[in-house]
Amino acid sequence: MQKTNVFLIGPMGAGKSTIGRLLAAELNLSFRDSDRVIEERTGADIPWIFDMEGEEGFRERETAVLQELAGEQHAVIATGGGIVLRDYNRQLMKQSGFVCYLTASIDQLVERTARDKKRPLLQVENPRQKIIDLLALRDPMYRDAADFIVNTDRRSPKTVAQEIASLVQGA
């Protein structure tokens with residue numbers, strides 16, 4: 001099966017949605033954001049889904065949307081930070097596209113997510129520690145799924161998108 005999709009994975013604040021839009025334009029592919037698709041389908045935002053259904057309910061929705069998006073052709077797909085928690089999701093992405101892990105320093109992730117109230121997992125007393133804890137758990141999973149690892153620290157989204165485009169085109 002030819003890999004025609006590009007999945008962007010990584011922690012909250014790594015730049016998946018922003019870079020994804022630019023990458024899609026660079027590669028002349030469509031752009032999809034799994035979190036936005038979930039919100040469109042449910043008619044509710046992600047914090048509400050977390051409140052009503054818990055994280056497990058959200059993860060069920062996330063996997064269902066990923067299955068659908070993975071079946072598309074020629075798309076850049078920005079995923080939620082926790083999509084890698086399920087082995088099935090990691091395998092599905094690897095089978096149906098190139099997977100690019102966007103990394104950033106803890107300082108950058110904290111800075112980029114500081115004022116965003118739409119991130120339910122960061123609505124805690126110490127968001128910095130939460131990011132550290134989430135990354136400690138998820139980093140091995142991101143690395144397991146990734147074809148490419150690209151650092152976004154203090155780099156323009158356009159530069160990062162161009163780098164990923166070169167990696168995908170050279171693969």
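Above this text sits the structure in question.
Residues numbered from 1 in each chain as written. Predicted model: local features only at pLDDT ≥ 70, side-chain atom pairs only at ≥ 80, totals over all residues. Heavy atoms only, no water.

> Outline the packing of helix α2 (residues 34–42) against helix α3 (residues 46–70), supporting the account with residue identities and numerical values.
Where α2 meets α3, the closest approach of the two axes is 9 Å, and the angle between their N-to-C directions is 115°. Taken together, the axes of α2 and α3 lie roughly perpendicular to each other. The element α2 and its partner α3 pack so that their crossing is right-handed. Here S34, D35, R36, V37, I38, E39, R41 and T42 of α2 lie close against α3, whose contacting residues are I46, I49, F58, R61, E62, V65, E68 and L69. Of the residues belonging to the contact of α2 with α3, the class tally is 7 nonpolar, 2 polar and 7 charged. (Axes fitted to C-alpha atoms, helices over the stretch in contact; angles between N-to-C directions. Helix = DSSP H or I, 4+ residues; strand = E, 2+ residues; numbered from the N terminus. Parallel < 35°, antiparallel > 145°, perpendicular 65-115°, else oblique. Left-handed = near helix turned anticlockwise from the far one by under 90°. Contact = heavy atoms within 4.5 Å. Nonpolar A, V, L, I, M, F, W, Y, C, P; charged D, E, K, R; others polar.)

> Describe in detail the sheet that holds strand β3 (residues 75–78), supporting the description with residues and values.
Taking strand neighbours across the sheet as the criterion, the 5 strands line up as β2-β3-β1-β4-β5 in an open arrangement whose pairing is parallel. What marks the edges here is a single partner per strand, and that holds for β2 (30–33) and β5 (148–151). Sheet twist, expressed as the mean angle between neighbouring strand axes with direction ignored, is 20°. Across 5 bridges, strand β1 (residues 5–9) lies against strand β4 (residues 97–103) in parallel orientation. Residue L8 lies in a different strand from β4, and its bridge partner there is C100. Along the sheet, α2 makes contact with β2 and β3, crossing β2 at roughly 65°. (Pairing = 2+ DSSP bridges.)

> So, the side chain of T113: which residues are in play, and what are the values?
On the secondary structure map, T113 appears in helix α5 (residues 106–113). On the accessibility criterion, T113 (6% relative accessible area) is buried. Every residue in contact with T113, bar those within four places of it in the chain, is listed here: M12, G13, R119, L122 and I131. (Buried < 20%, exposed > 50% of the residue type's maximum accessible area, 1.4 Å probe, protein only.)

> Residues and numbers for the packing of α5 against helix α6 (residues 127–145), please.
Helix packing for two helices is described by the angle between their axes and how far apart those axes are. Relative orientation of the contacting elements α5 and α6 amounts to 125°, with a least axis distance of 10 Å. Classed by the angle they form, the pair α5 and α6 counts as oblique. The chirality of how α5 crosses α6 is right-handed. From α5, I106, D107, L109, V110 and T113 reach across to α6, where they touch R128, I131, I132 and L135. Of the residues in the contact of α5 with α6, the class split is 6 nonpolar, 1 polar and 2 charged.

> How would you summarise the nonpolar core if you had to cite specific residues and measurements?
One recurring pattern in soluble globular proteins is that nonpolar side chains are buried together. Counting residues in hydrophobic clusters, the biggest one holds 52 residues, and the most contacted among them are L8, I9, L23, M93, L102 and I164. With 8 residues, α3 is the single largest residue contributor to this core. (Core = buried A, V, L, I, M, F, W, Y, C linked by side-chain atoms within 4.5 Å.)

> Can you explain helix α1 (residues 16–27)? Please cite residues and give values.
End to end, α1 covers 15 Å across 12 residues, agreeing with the expected 16 Å (1.5 Å per residue, within 8%). Here α1 has its buried residues at K16, I19, G20, L23, A24 and L27. Here the buried residues of α1 occupy an arc of 140° about the axis, which is enough to place them on one side. Contacts from the buried residues of α1 go to β1, β2, β3, β4 and α7 (157–170). Positive backbone phi, at 60°, marks N28, one or two positions downstream of α1. (Expected span 1.5 Å × (residues − 1). Arc of directions from axis to C-beta.)

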